[in-house]
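Summary of the model geometry
So you can see what is in the structure, the chains are spelled out below.
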Amino acid sequence: PLYEGVAPYIYPLVRFTLGAFLVVHGYPKVTNLSGAEALFTKMGFGSPMALAVLIMIVEFFGGLGIALGFITRLWAAAAAIEMAYIVFALKWSKGFMAFAGGYEHELLLGILLFAIALRGSGNLSVDKAIGREL
């Protein structure tokens, strides 16, 4: 009976946790966008301010959307693409030892975000409350 009673809350808990995790990582970019721009400049990206704004939007606002279940598929897909880029373009390209020493976090997040993008917001979400899901 316990498992059956909590089953409807498991997926919303996972969705909320992943969204909140992204918010925590996006918040420093909201409060210090120039710091993110400086980091992207140092990494050699073109248009570092545009990239900083894009990453801030995906992580902070997208994280809020995922946590609340609002436009969940779009936000989760965008964040999954960000994680895939981090894993394969930034870490894999540095060779196996660099890849083996620090990709797990982003890979796990990316897989979970991809699953959320496929599954959608589920119950206990803004999307369900308004009766529309992207």
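Residues numbered from 1 in each chain as written. Predicted model: local features only at pLDDT ≥ 70, side-chain atom pairs only at ≥ 80, totals over all residues. Heavy atoms only, no water.

**Let's talk about the layout of surface pockets**
One way to see where empty space is left: roll a probe the size of a water molecule over the atoms. Computed from the structure, the largest pocket encloses a volume of approximately 510 Å³. Lining the largest pocket are 23 residues; nearest its centre among them are Phe 40, Ile 55, Glu 59, Glu 82 and Ile 86. Of all the secondary structure elements, the ones that give two or more residues to the lining of the largest pocket are helix H1 (2-31), helix H2 (33-42), helix H3 (48-68), helix H4 (72-91) and helix H6 (104-119). Among the residues forming the lining of the largest pocket, the class breakdown is 16 nonpolar, two polar and five charged. (1 Å grid on protein atoms, 1.4 Å probe; cavity = no way out; pocket = protein on both sides within 12 Å on 5 of 7 lines; lining within 4 Å. Points joined across faces, edges and corners; volume = space filled by probe spheres on them. Helix = DSSP H or I, 4+ residues; strand = E, 2+ residues; numbered from the N terminus. Nonpolar A, V, L, I, M, F, W, Y, C, P; charged D, E, K, R; others polar.)

**Points about the nonpolar core**
One broad rule of soluble globular proteins: the nonpolar side chains tend to lie buried together. Formed by 15 residues in total, the largest nonpolar core has its most connected members in Leu 22, Ile 66, Met 83 and Leu 113. Listed by contribution, the elements that provide at least two residues to this core are H1, H3, H4 and H6. For this core, the leading source of residues is H4, giving six residues. Not counting the four nearest positions on each side in its chain, Leu 22 is found in contact with Glu 59, Phe 60, Gly 63, Ile 66, Ala 79, Met 83 and Leu 113. (Core = buried A, V, L, I, M, F, W, Y, C linked by side-chain atoms within 4.5 Å. Buried < 20%, exposed > 50% of the residue type's maximum accessible area, 1.4 Å probe, protein only. Contact = heavy atoms within 4.5 Å.)

**A closer look at H1**
Taking 1.5 Å per residue, 30 residues should reach 44 Å; H1 reaches 42 Å between its end C-alpha atoms and fits that length. The principal kink in H1, of about 40 degrees, is found at Pro 8. Buried within H1 we find Tyr 11, Pro 12, Arg 15, Leu 18, Gly 19, Leu 22, Val 23, Gly 26 and Lys 29. Packing partners of the buried residues in H1 comprise H2, H3, H4 and H6. (Expected span 1.5 Å × (residues − 1). Bend = angle between axes of the 7 residues up to and from the residue.)

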